[in-house]
Protein chains: 2
Amino acid sequence: MPQISHLAEHMPTSAIRMLNPFAEKAKADGVKVYHLNIGAPDIKSPQCAIDAIRNYQFDHLSYSNSIGSPELRRALLDKYYKSVGVDISLEDIIVTVAGSEALDFFFQITTNFGGEVIVFEPYYCNYSAIASKFGVKLAGIHTDIKDGFRLPPVSEIEKHITPRTSAILISNPSNPTGTLFSKEEMLQIADICRKHDLFFGCDEVYREFCYTDDPHFSVMDIPDFDRYAIMLDSVSKRFNLCGARIGCVISRNKEVMSLALKLAQARLCPPVLGQVATLGALDAPASYFEEVRKEYIARRNFTVNALNKIPGVYSPMPNGAFYTVAELPVDNAADFCKWLLTDFRLNGETLMLTPAAPFYINEEKGVKQVRIAYVLEIPELEKAMEVLAKALDIYNKRK
Amino acid sequence: MPQISHLAEHMPTSAIRMLNPFAEKAKADGVKVYHLNIGAPDIKSPQCAIDAIRNYQFDHLSYSNSIGSPELRRALLDKYYKSVGVDISLEDIIVTVAGSEALDFFFQITTNFGGEVIVFEPYYCNYSAIASKFGVKLAGIHTDIKDGFRLPPVSEIEKHITPRTSAILISNPSNPTGTLFSKEEMLQIADICRKHDLFFGCDEVYREFCYTDDPHFSVMDIPDFDRYAIMLDSVSKRFNLCGARIGCVISRNKEVMSLALKLAQARLCPPVLGQVATLGALDAPASYFEEVRKEYIARRNFTVNALNKIPGVYSPMPNGAFYTVAELPVDNAADFCKWLLTDFRLNGETLMLTPAAPFYINEEKGVKQVRIAYVLEIPELEKAMEVLAKALDIYNKRK
């Protein structure tokens, strides 16, 4: 019999999606499930994105350029990056199949098979799935819920650098913690990268979701850092176009972009209809982001306050993205999340959360934690928090 | 300075696209370029695909299932695969980001880093780009233009199997040669796979483009072969939806599909608008394919006959796809292809072809050959062949 590759053992099952069958079953039984498990917001796309698709004229759908259509790349530069103060040129942008492919490119460009990339745990769990595809090992540096998941001191980070380390990868704001890393923290990482010849990859797909008065500090804003900086981006969250599958990889390093071009050519082109929707979305007025941000601040405030009112639950107050990681008064949050779907009902309703353990290299460290995506309207979040409080009470009495 | 990965050396530049800058320059100078270099047909998509996009109602574009929307997978099964006699079940289909990603999955599932996959050269040159991403080496078994690129005897194929060989990969009908492999040839490869425990990957994206009376024989049609067969498919060519970026990987091997699911989850979902267009396209009447096929037969007959009338040019008569590989009376076809774009004009027109050398492991074997995609209407092909004849005449006198 033919044998499938070792990837089957190395590749984790998606933490975000592994409870799906139980949720499907609950819904098939007529149970209402509050989905706080996945970053799929309920907020409308900009009307101009919807119109772009409705008005798109085609009689056959050809390939676009491998690096994205010239119109889209130009519009990303002129209408988006310039407006948020990211100072780049047209040749620094390659359009990818969403942030997912931008991450593929990042690992393939920076790291050899058997190499290592430093991440700060808890980290976006798909990083480990993607890294494993290319034989890359993640070295996870711990950040603690009690410190609001701030970065550890430089000396602690440097301990994890080996001769096989090629890059540091962060998401800012962070998925899953919602932590917004400051300019000082970004410059600190940059110094480490300069000292140890490491690339600095920054996943900035939540750039528009920052809830402080300071502007977001991009990896592209670091001075004299062109050789090191690689930005990974996506329109999925920014314009509520998750299904469009359009992102980009951005770097001023010519070698990086030359290999990114080859990788882009090997898969012919990014989705053309998604490019059309994105081109339309880029005409969204500034008020679009402002309204979305206001809405998320209200949702965050409500959710985090409600969480901390539940006995034994702790969540820091995150300053970005639309996630928070909370510690629950349970021995194993994954068991609890499954039990919510299979056993618990409050007036015919239950809740879906993502166990946070798979966001850690050493899963034990996150065993009591969950990631919560506050992507529902506040009245729904209210009911979801009520379900959670009641469920924890019953779960712990049950034992 | 940080160092980019070894992939930069291993990954070939796309043979199909490397002449693009010269073509862009010619067009900027006002020259009309006949594009016979890329399989981007000028034929209309089914009207039902266009209508599906125009009528698609959404207020935000969510993720679909990682394996594709349930509606699309069901429709692929019921409306397409059943109708062409490919006998599979719903759980045997995972929707991918076009045939390109289906190939990614194939290499990742079947072959470890450092492993080998057998292909028959000339082969679709992106196979080597994709294989290199995963540290996979292609072992190319030669097929000859003089034999119409038929497969060599079993003994010759077996010579290339090593302990690191994990799979055989073919495209049927073949890109770039247009060769349609017969049931007997498919069964022969299957026997080799059984004997040596190899997966048999078959890229069937040109299935609808067969020009003999025999039905296309799919890898999924091979009896008692469930563990070995993996089909890679795409709607790009079938429905002239290249830009939709929708394909699929099909196998009855549960282990294969279980790893394919993990790979699918790691990139969240295939493009949603492309799925909508494809779902629409699946309502195309049988007459759609018949008309397309009739058109391609006429184009093929014209092109191949015209090629063979040019002194020193030889092309076999292919029975599938919309390509042919022709040998030209030049020392180096790549130089000639470049010269066409940079130096040659006939009444302000020229021609773009793809040098065939990169479709060979040993590029020397294809150094005099080009791949021609007969994807224009016959009056355009007539002019293109006239340009080619004149260009060859002048090119050879020039020396």
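Note that the structure is predicted; figures quoted are calculated from it, not measured.

Colleague: Explain the overall build of chain A to me, and be specific about the residues and the numbers.
Modeller: Looking only at helices and strands, chain A has 13 helices and twelve strands in total. The C-alpha atoms of chain A give 21 Å as radius of gyration, which agrees with the globular expectation for 399 residues (21 Å, within 12%). Expressed along its principal axes, the backbone C-alpha trace of chain A runs to roughly 60 × 60 × 55 Å. In chain A, of all internal contacts separated by at least 6 residues, the share reaching a separation of at least 24 is 75%.

Colleague: Tell me about the interface of chain A and chain B, and please be specific about residues and values.
Modeller: Between chain A and chain B, the residue contacts involve 68 residues of the former and 67 residues of the latter. Within the residue set of the side of chain A that touches chain B, elements represented by two or more residues are α1 (7-10), α3 (47-54), α5 (98-110), α6 (126-133), α9 (254-266) and α10 (272-281) of chain A. Within the side of chain A that touches chain B, the residues separate by chemical class into 35 nonpolar, 21 polar and twelve charged.

Colleague: Which residues make up the pairing of strand β3 (residues 116-121) of chain B, and what values do they have?
Modeller: Residues and elements named next belong to chain B. The buried fraction of β3 is high, at six of six residues. Here β3 shows a buried face lined by E116, I118 and F120 and a second buried face lined by V117, V119 and E121. Bridging between β3 and strand β4 (residues 137-142) involves six bridges; their strand directions are parallel. Bridge pairing in β4 links E116 to K137. In this fold, the crossover linking β3 to β4 by way of helix α6 (residues 126-133) has right-handed handedness. Judged from the three bridges that link them, β3 and strand β5 (residues 165-171) form a sheet pairing that is parallel. Bridge pairing links V117 to A167 in β5.

Colleague: So, the nonpolar core: which residues are in play, and what are the values?
Modeller: Counting 270 residues, the largest nonpolar core has A:F200, A:A277, B:F200 and B:A277 as its most contacted members. Those residues in contact with B:F200, other than ones at most four positions away along the chain, are B:I168, B:I189, B:A190, B:C193, B:V219, B:Y228 and B:A229.

Colleague: Got a sec to walk through the relation of the copies chain A and chain B? Specific residues and values, please.
Modeller: Relative to chain B, chain A is turned by 180 degrees and slid 0.0 Å along the rotation axis, the superposed coordinates differing by an RMSD of 0.0 Å. On this basis, the relationship between the two copies can be described by a two-fold rotation axis. When each C-alpha of chain A is compared by its distance to the rotation axis, A:R54 comes out closest, at 2.6 Å. An overlap of 99% is found between the interface residues of chain A and their copies at the interface of chain B, pointing to a shared contact surface.

Colleague: Describe the sheet that holds strand β12 (residues 369-373) of chain B, listing the residues and the values that go with them.
Modeller: Residue and element names in this part refer to chain B. One open sheet accounts for three strands, arranged β9-β12-β11; its pairing is antiparallel. Whereas interior strands pair on both sides, the edge strands pair on one side only; in this sheet they are β9 (323-327) and β11 (354-355). Note: β11 against β12, two bridges, orientation antiparallel. Across the sheet, the residue bridging to P355 is V370, located in β12.

Colleague: Before we move on, can you summarise the environment of B:A190 with the specific residues and values?
Modeller: Residue and element names in this part refer to chain B. With respect to the helices and strands, A190 occurs in helix α8 (residues 183-196). Classification of A190 by C-beta neighbours within 10 Å gives buried; the count is 20. With 167 residues separating them along the chain, A190 and A357 place their C-alpha atoms 28 Å apart. Not counting residues within four places of it along the chain, the set of residues in contact with A190 comprises F200, I222, F225 and Y228.

Colleague: I'd like a description of the packing of helix α4 (residues 70-81) of chain A against α10(A), backed by residues and values.
Modeller: Residues and elements named next belong to chain A. Close contact between α4 and α10 brings their axes to 10 Å; oriented N to C, the two are set at 35 degrees. Between α4 and α10 lies a crossing of left-handed hand. Taking contact as the criterion, the partners of E71, L72 and A75 in α4 are, on α10, Q275, T278 and L279. Its residues assigned to classes, the contact of α4 with α10 comprises three nonpolar, two polar and one charged.

Colleague: Describe the environment of B:K183, listing the residues and the values that go with them.
Modeller: One can find B:K183 in helix α8. Each C-alpha atom of the pair B:K183 and B:V219 lies 9.3 Å from the other, and the pair is 36 residues apart in sequence.

Colleague: Requested: an account of the sheet that holds strand β9 (residues 323-327) of chain A, with residues and values cited.
Modeller: All names here are of chain A. Read from one edge of the open sheet, three strands run β9-β12-β11, paired in antiparallel fashion. Each of the sheet's edge strands pairs with one partner strand only, and the pair in question is β9 and β11 (354-355). In this sheet, strand β12 (residues 369-373) lies alongside β9 in antiparallel orientation, the contact comprising five bridges. By the bridge assignment, A326 is partnered in β12 with V370.

Colleague: Give a detailed account of unusual backbone geometry, specifying residues and quantitative values.
Modeller: With an omega dihedral of 20 degrees, the bond running from A:N175 to A:P176 counts as a cis peptide bond. Looking at the element boundaries, A:P176 is found in the loop between β5 (165-171) and α8 (183-196). Cis geometry marks the peptide bond from B:N172 to B:P173, where omega comes out at -5 degrees. Checked against the element boundaries, B:P173 lands in the loop between β5 and α8. Of note in the backbone geometry, B:N240 takes a positive phi value of approximately 50 degrees without being a glycine. You can see B:N240 is positioned in the loop between β7 (229-234) and β8 (247-250). Residue classification places B:N240 among the buried residues on the basis of 25 C-beta atoms within 10 Å. One non-glycine residue, B:L268, adopts positive backbone phi at about 70 degrees. With respect to the helices and strands, the residue B:L268 is situated in the loop between α9 (254-266) and α10 (272-281). B:L268 gets classed as buried once you count the C-beta atoms within 10 Å, which come to 24.

Colleague: Give me the lowdown on the packing of helix α2 (residues 20-28) of chain B against helix α12 (residues 333-342) of chain B, citing residues and values where you can.
Modeller: All names here are of chain B. Close contact between α2 and α12 brings their axes to 8 Å; oriented N to C, the two are set at 20 degrees. When the axis of α2 is compared with that of α12, the two are roughly parallel. The two elements α2 and α12 meet at a crossing, and its hand is left-handed. Seen from α2, the contacting residues are F22, A23 and A26; seen from α12, they are K338, L341 and T342. Of the residues belonging to the contact of α2 with α12, the class tally is four nonpolar, one polar and one charged.

Colleague: Could you give an account of the confidence of the model for chain A, naming the residues involved and the relevant values?
Modeller: A low pLDDT means the predicted coordinates there should not be read in detail. Mean pLDDT over chain A: 95, with 99% of residues reaching 70 or higher. As scored by the predictor, the complex reaches a pTM of 0.95 and an ipTM of 0.95.

Colleague: Lay out helix α11 (residues 286-309) of chain A in plain terms, naming residues and giving numbers.
Modeller: Over its 24 residues, α11(A) extends 35 Å from the first C-alpha to the last, a length consistent with the 34 Å expected when each residue adds 1.5 Å. All of the buried residues along α11(A) are A:Y288, A:V292, A:Y296, A:R299, A:R300, A:T303 and A:L307.

Rules and cut-offs
- Residues numbered from 1 in each chain as written.
- Chains lettered and ligands numbered in written order.
- Predicted model: local features only at pLDDT ≥ 70, side-chain atom pairs only at ≥ 80, totals over all residues.
- Helix = DSSP H or I, 4+ residues; strand = E, 2+ residues; numbered from the N terminus.
- Rg over C-alpha atoms; globule rule 2.2 N^0.38 Å.
- Contact = placed C-beta atoms within 7 Å.
- Nonpolar A, V, L, I, M, F, W, Y, C, P; charged D, E, K, R; others polar.
- Buried ≥ 20, exposed ≤ 12 C-beta atoms within 10 Å, placed from the backbone.
- Pairing = 2+ DSSP bridges.
- Right-handed = clockwise from strand over helix to strand, strands pointing away.
- Core = buried A, V, L, I, M, F, W, Y, C linked by C-beta atoms within 7 Å.
- Least-squares fit on C-alpha atoms with pLDDT ≥ 70 in both.
- Axes fitted to C-alpha atoms, helices over the stretch in contact; angles between N-to-C directions.
- Left-handed = near helix turned anticlockwise from the far one by under 90°.
- Parallel < 35°, antiparallel > 145°, perpendicular 65-115°, else oblique.
- pLDDT = per-residue confidence, 0-100.
- Expected span 1.5 Å × (residues − 1).

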